[in-house]
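A look at the structure
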Amino acid sequence: MTARPESDQTPAHRASLDFFNRLIPCLITAGHYALRLQSQLSQQTQTKEGDEWQSALTDADIGVQQYIEAIVLAEFPGWDFFGEEHAATCNTLYFPKGADACIMLDPINGTRLYRDGSPYFDILVSLRWQGRLIATLSYHPALARLYGSSLYAPSFVLYGDQLENIQPLRAIPNADAPLGVYQCPQAMIDALQSVHPLFDFSRDYAPEDPRCALNSMFSGQLAGYLMLDCAVLDVGATAFAVTRLGGTATKPDGSELAALAKFEPEQREDLLVTWSPKLHESLVQNITASGYTVAPS
């Protein structure tokens, strides 16, 4: 990652570099820990409210979050922090609320996949500066693959654990790949199936299927995704990464996805993310024709 001279960097740019430099090695360590636990998971797992995608909770979720929390408290004492499992850890009270920089973590993104022995879960961490999402890291420990995106530098991918193996990330759009859908009403499904093949994250779920992970957009296995009423912590971070590679992210009716500029990790959002502008336009037309309207903010 080539950086401008420090004298030319804004505070947000410097924060993003610190975020990458410190958090990449930590994510790799956290990933090794998560893999160690995955094969030893207790049959008795905890649950939260929601469907199978939203309710799964394991010891690894809590362990990874506590580890990253400790790193942030030690290395970035002036930064705020939000973790998906904040209710299960003891560190939340020690972060300065309202700080310019805020790290946001989904400790096991795809806990359902993780619990079911799939290699396609990831650890997802993002950086917000004064409310705006400016950087993300997504690490798939079982695949030994890490994706990084920033407002201030080209997107990159790391294969393996050695930082010198960082390479530019180039997406592989595939016009024939399906559109991933989640929590869409049947009328919308019917309207979209006439335009493009679909992969339903709930109906078509299989732990061994890489399309269950949103990052499969980068390898050409999904053409995009349409998700309704989802927390932006994870789906919004992936949308940001896609836009940094030239993709499009909007609300399903084509209107602006303002959540990236004012990123609240627990905010629930409807969003449509694709590589192809032509496909995006066609999907928007059919979504609108199905009777969909944007809920008031």
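Residues numbered from 1 in each chain as written. Predicted model: local features only at pLDDT ≥ 70, side-chain atom pairs only at ≥ 80, totals over all residues. Heavy atoms only, no water.

**Side note on the pattern of salt bridges**
Tallied over the entire structure, the rule returns 7 salt bridges. Linking Asp80 and Lys97 is a salt bridge whose minimum nitrogen-to-oxygen distance equals 3.3 Å. Within this pair, whereas Asp80 is found in strand E3 (residues 80-83), its partner Lys97 is found in the loop between E3 and strand E4 (101-109), the two being separated by 17 residues in sequence. The shortest N-O distance in the salt bridge between Arg203 and Asp204 comes to 3.2 Å. (Salt bridge = Lys/Arg side-chain N within 4 Å of Asp/Glu carboxyl O. Helix = DSSP H or I, 4+ residues; strand = E, 2+ residues; numbered from the N terminus.)

**Concerning the packing of helix H5 (residues 186-193) against helix H7 (residues 277-289)**
The angle between the axes and the distance between the axes are what describe a pair of packed helices. Following both chains from N to C, one finds H5 and H7 inclined at 140°, their axes separated by 9 Å at the closest point. With respect to each other, H5 and H7 are oriented oblique. In terms of crossing hand, the pair formed by H5 and H7 is right-handed. Contacts between H5 and H7 involve Met188, Ala191 and Leu192 from the first element and Leu283, Asn286 and Ile287 from the second. Within the contact of H5 with H7, the residues separate by chemical class into 5 nonpolar, 1 polar and no charged. (Axes fitted to C-alpha atoms, helices over the stretch in contact; angles between N-to-C directions. Parallel < 35°, antiparallel > 145°, perpendicular 65-115°, else oblique. Left-handed = near helix turned anticlockwise from the far one by under 90°. Contact = heavy atoms within 4.5 Å. Nonpolar A, V, L, I, M, F, W, Y, C, P; charged D, E, K, R; others polar.)

**A look at the sheet that holds strand E6 (residues 132-140)**
Spatial strand order, E3-E4-E5-E6-E7-E8-E9: 7 strands in an open sheet with mixed pairing. The open sheet is flanked by E3 and strand E9 (166-168), the only strands paired with a single partner. Taking the axes of each pair of neighbouring strands and ignoring which way they run, one obtains an average angle of 20° across the sheet. Against the sheet, helix H1 (residues 11-38) touches E4, strand E5 (122-129), E6, strand E7 (145-150), strand E8 (156-159) and E9, its axis set at about 25° to E6. Running over the sheet, helix H6 (residues 232-244) touches E3, E4, E5, E6 and E7 and is turned about 100° from E6. (Pairing = 2+ DSSP bridges.)

This is a description of form; function is not addressed.
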